[in-house]
Amino acid sequence: MPQSLSKVIIHIIFSTKDRQAWLDRDVRPRMHAYVATVCRDLNAEALRAGGVADHLHVVTTLPRTISQAPMVETVKKTSSKWIKGLDLKYRQFYWQRGYGAFSVSPGQLNAVLEYVQSQEEHHRTRSFQEEYRDFLCKCGVEFDERYVWD
């Protein structure tokens, strides 16, 4: 087969450092758009970026030319640099060290996109920690509480 083809959809979740509410309503849509642009620059199809003040969800395809860890590192590093350049008030902005990345089946894609779209509504009653813990359990991921929240 002379051609390499791939369609791997992933849902990436990561938080601001110490879950500080850096992403206010003014900068949040700009951050989502910027992250989508970074994904496209990596030859990924950015399907949706969303979140609230203390964390981000990105639903994207994984390009066949880059693996998951370098892709997430690039998204986090370039978006952190970008926001710091917006205004001096963001100079102490950082993303948390870790992230979660989960495969999305094509049959569940619309549900995941709606879930990311409704983050503001969803987080009126649930914290990021509650959401992420439940998400990990639902996906069958075993985790140590001491390391999930650093």
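This report concerns the structure included in the present document. (Residues numbered from 1 in each chain as written. Predicted model: local features only at pLDDT ≥ 70, side-chain atom pairs only at ≥ 80, totals over all residues. Heavy atoms only, no water.)

Attention now moves to the packing of aromatic side chains. The final tally for this structure, using the stated rule, is six aromatic pairs. Where F14 meets W95, the ring centres are 4.7 Å apart and the plane angle is 90 degrees; that geometry is what we call edge-to-face. In this pair, F14 sits in strand 1 (residues 9-15) while W95 sits in the loop between helix 2 (68-86) and strand 4 (100-103), placing the two residues 81 residues apart along the sequence. With respect to class, F14 is no different from W95; both count as buried. (Phe/Tyr/Trp six-rings, centres within 6.5 Å; stacked < 30°, edge-to-face > 60°. Helix = DSSP H or I, 4+ residues; strand = E, 2+ residues; numbered from the N terminus. Buried < 20%, exposed > 50% of the residue type's maximum accessible area, 1.4 Å probe, protein only.)

Here we come to the environment of Q3. The residue Q3 is located in the segment before strand 1 in this model. The class for Q3 is exposed, based on a relative accessible area of 51%.

Right, let's get into the pairing of strand 1. Taken across its seven residues, strand 1 has seven buried, putting it largely inside the fold. Here strand 1 shows a buried face lined by I9, H11, I13 and S15 and a second buried face lined by I10, I12 and F14. In the sheet, strand 1 pairs with strand 3 (residues 55-61) via seven bridges, with the strands oriented antiparallel. By the bridge assignment for strand 3, I12 is matched with V58. As defined by bridge partners, strand 1 adjoins strand 4 across four bridges and the pair is classed as antiparallel. Among the inter-strand pairings, I13 is bridged to a residue of strand 4, identified as G100. (Pairing = 2+ DSSP bridges.)

With respect to the element layout, S80 can be found in helix 2. Using a relative accessible area of 10% as the deciding quantity, one classes S80 as buried. Ignoring any residue separated from it by four or fewer positions in sequence, one finds S80 in contact with F93, Y94 and W95. (Contact = heavy atoms within 4.5 Å.)

Here we come to the sheet that holds strand 3. Picture the strands of a sheet paired through backbone hydrogen bonds; they go either parallel or antiparallel. Strand order in the open sheet made by the four strands is 2-3-1-4, with antiparallel pairing throughout. Two strands close off the open sheet at either side, each with one partner strand: strand 2 (46-52) and strand 4. For this sheet, the mean inter-axis angle between neighbouring strands, taken without regard to orientation, is 15 degrees. On the sheet, helix 2 packs against strand 1, strand 3 and strand 4 and is oriented at approximately 45 degrees with respect to strand 1. (Axes fitted to C-alpha atoms, helices over the stretch in contact; angles between N-to-C directions.)

Before going further, it helps to spend a moment on the nonpolar core. Grouped together as the largest cluster of nonpolar side chains are 23 residues, with contacts concentrated most on L23, M31, V75, I83, F93 and W95. The leading source of residues in this core is helix 2, at five residues. Other than its neighbours up to four places away in sequence, F93 contacts T16, W22, L23, M31, S80, I83 and K84. Judged by nonpolar contacts, the second largest core, of seven residues, contains L109, V112, L113 and V116. (Core = buried A, V, L, I, M, F, W, Y, C linked by side-chain atoms within 4.5 Å.)

A word on helix 2. With 19 residues, helix 2 should reach 27 Å at 1.5 Å per residue; the first-to-last C-alpha distance of 27 Å fits that figure. Residues M71, V72, V75, K76, S79, S80, W82 and I83 constitute the buried set of helix 2. Projected down its long axis, helix 2 shows its buried positions confined to an angular sector of 165 degrees, all on one face. In helix 2, the exposed positions that point more than 90 degrees away from the buried face belong to K77, K81 and G85. Close packing links the buried residues of helix 2 with strand 1, helix 1 (28-41) and strand 3. (Expected span 1.5 Å × (residues − 1). Arc of directions from axis to C-beta.)

With that settled, the discussion passes to the side chain of T16. Relative to the assigned elements, T16 resides in the loop between strand 1 and helix 1. Apart from the residues within four sequence positions on either side, T16 is in contact with W22, L23, A53, D54, H55, F93, Y94, W95 and Q96.

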